Amino acid sequence: MPELPDVETFKSYLDATSLHQRIVDIDVLSADLLKGISGRELGRQLKGRRFECSSRHGKHLFVRTDGNIWLRLHFGMTGSLRYFKGENKAPRHTRMLFVFVKDYRLAFDDQRKFGEIGLIQDVDEFRKKRALGPDALDVDLTKFKKLLGKHRDAVKAILMNQRLIAGIGNIYADEILFHARIHPATPIARLRDKDRMHLFRAMRHVLKKAIEYQADVDRMPKSWLLSQRGKAGKCPRCGRELKSSKIGGRTAWFCARCQRHRL
């Protein structure tokens, strides 16, 4: 599932390819991805407009048009963007297509169709309605400790709670906890002050580095958990077989030796 580093990579890609071009047509191929608007109304509001800039908060990407309307994109489990020229080069699972002048196109590609597309007037108002917490890269250490101090759930469930901290999902929560040497099932109340500081630093480090690697697992260091995460995976530190457990409804992968459980 695309998480903060993936969506930041999509943002950079859109900024580099699709800004300041007039939209001459919009092809809605999967209307069930639209939220709060019909395909006809979306086309009416965006045709003739240009994308001027973009903004990301957590896992959401917002693209402002020259009409001060924001396109909202959420990538669900398999969503991505593809920019190309010519109608015959569209990705296989294109769900929406923005056609620019000179036959350039931007596709929202989403195999499993869990993504969301909509229009909003105000990004801050949308965040309030969705009760989204601060973006994971906008939180400082003081704010981070304050957010953690209010809850008693397992640390992994806390990291994935979008109402507390926006942007971290299953995969990067595991990576952050591996870097911090914290077992994912550890109750947040069991973390000492220095543990919370290490967790914060690990969160910043992992997310920033993942953005540098353009969220490409093949480019990430072999010392990261991502390269081994899954069945038969080995701990990059000690070589022991990784363990898994259900936490917050998601499967957590971890090293039982390097990430000691604190009950």
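The rules behind the values
- Residues numbered from 1 in each chain as written.
- Predicted model: local features only at pLDDT ≥ 70, side-chain atom pairs only at ≥ 80, totals over all residues.
- Heavy atoms only, no water.
- Helix = DSSP H or I, 4+ residues; strand = E, 2+ residues; numbered from the N terminus.
- Buried < 20%, exposed > 50% of the residue type's maximum accessible area, 1.4 Å probe, protein only.
- Contact = heavy atoms within 4.5 Å.
- Areas by Shrake-Rupley, 256 points an atom, 1.4 Å probe, with all protein chains shown as cover.
- Lys, Arg positive; Asp, Glu negative; His and termini not counted.
- Charge placed at Lys NZ, Arg CZ, Asp CG, Glu CD.
- Patch = residues over 30% accessible without salt bridge, like charges linked within 9 Å, V, L, I, M, F, W, Y side chains within 5 Å.
- Salt bridge = Lys/Arg side-chain N within 4 Å of Asp/Glu carboxyl O.
- Polar contact = N/O pair within 3.5 Å; in protein donor to acceptor, adjacent residues only side chain to side chain.
- Pairing = 2+ DSSP bridges.
- Axes fitted to C-alpha atoms, helices over the stretch in contact; angles between N-to-C directions.
- Arc of directions from axis to C-beta.
- Core = buried A, V, L, I, M, F, W, Y, C linked by side-chain atoms within 4.5 Å.

Visitor: Would you explain the overall build of the chain in this entry?
Guide: Looking only at helices and strands, the chain features seven helices and 10 strands. When its C-alpha atoms are laid out on the principal axes, the chain stretches across 60 × 35 × 30 Å. For the chain, the residues scored as buried account for 51% of the 263 residues in total. In the chain, of all internal contacts separated by at least 6 residues, the share reaching a separation of at least 24 is 62%. Taken as a whole, the chain presents about 12900 Å² of accessible surface, with 43% of it coming from carbon and sulfur. If you average the places of the 54 positive and of the 30 negative side-chain charges in the chain, the two averages end up 6 Å apart.

Visitor: Help me out: how do you make sense of the environment of Ala 256 in this one?
Guide: Relative to the helices and strands, Ala 256 resides in the segment after β10 (250–254). Along the chain, Ala 256 and Ser 244 lie 12 residues apart, while their C-alpha atoms are 9.3 Å from each other.

Visitor: Would you mind showing me how to read a nonpolar patch on the surface here?
Guide: Together, Met 1, Met 77 and Phe 114 make up an exposed nonpolar region whose accessible area comes to about 260 Å². Residue position: Met 77 is located in the loop between β4 (70–74) and β5 (79–85). Under the relative-accessibility criterion, Met 77 is labelled partly exposed at 33%.

Visitor: Sorry if this is basic, but what is going on with the side chain of Asp 195 here?
Guide: Tracing the sequence through the fold places Asp 195 in helix α7 (residues 193–212). In this structure Asp 195 comes out as buried when scored by relative accessible area, which is 5%. Separated by 2.9 Å, the side chain of Asp 195 and the backbone nitrogen of Arg 192 make a polar contact. In this view, Asp 195 contacts Ile 182, Arg 190 and Arg 262; residues no more than four positions away in its chain are not counted.

Visitor: Is there a simple way to explain the sheet that holds β5 in this structure?
Guide: Sheet strands pair via backbone hydrogen bonds, and the direction of the pair is either parallel or antiparallel. Strand order in the open sheet made by the four strands is β1-β6-β7-β5, with antiparallel pairing throughout. Taken across any chain shown, the strands that pair with only one partner, and hence form the sheet edges, are β1 (23–28) and β5. Here the strands of the sheet are splayed against their neighbours by 15° on average, with no regard to which way each runs. As judged from the five bridges shared by β1 and strand β6 (residues 94–100), these two strands associate in the antiparallel manner. Paired with Asp 27 across the two strands is Leu 97, which belongs to β6. Against the sheet, helix α1 (residues 4–17) engages β5 and β7 (104–110), with an angle of about 20° to β5.

Visitor: What is the right way to look at helix α4 (residues 141–149) in this model?
Guide: In an α-helix, one turn spans 3.6 residues; hence positions three or four apart end up facing the same way. Buried residues of α4: Phe 144, Leu 147 and Leu 148, and no others. Seen along its axis, α4 keeps its buried residues to an arc of 95°; they face one direction. Exposed residues lying more than 90 degrees from the buried face of α4 are Thr 142, Lys 146 and Gly 149. Next to the buried residues of α4 lie α5 (155–160) and α7.

Visitor: Is there a simple way to explain the environment of Arg 105 in this structure?
Guide: Along the polypeptide, Arg 105 turns up in strand β7. With relative accessibility at 11%, the residue Arg 105 sits in the buried group. Sequence-wise, Arg 105 and Phe 84 are 21 residues apart; in three dimensions their C-alpha atoms are separated by 5.4 Å. Among residues more than four places away in sequence, those in contact with Arg 105 are Arg 82, Tyr 83, Phe 84, Gly 86, Glu 87, Leu 97, Phe 98, Val 99 and Phe 100. In terms of polar contacts, Arg 105 uses its side chain to reach the side chain of Asp 103, at 2.7 Å.

Visitor: Would you mind going over unusual backbone geometry with me for this structure?
Guide: Residues apart from glycine generally show negative phi values, whereas peptide bonds are mostly found in trans. With phi around 70°, Asp 103 is a residue other than glycine that occupies positive phi space. By the element assignment, Asp 103 lies in the loop between β6 and β7. The backbone phi angle of Arg 181 is positive, close to 60°, even though this residue is not glycine.

Visitor: Where do I start with the nonpolar core in this structure?
Guide: Within soluble globular proteins, side chains that are nonpolar generally end up buried alongside one another. In this structure, Phe 144, Ile 168, Tyr 172, Ile 176, Leu 199, Met 203 and Leu 207 are the most contacted members of the largest nonpolar core, which totals 34 residues. Elements with a contribution of two residues or more to this core: α4, α5, α6 (170–180) and α7. With seven residues, the top contributor of residues to this core is α7. Apart from the residues within four sequence positions on either side, Met 203 is in contact with Ala 136, Phe 144, Ile 168 and Ile 176. Counting residues in hydrophobic clusters, the runner-up holds 27 residues, among them Leu 61, Phe 98, Phe 100 and Phe 108.

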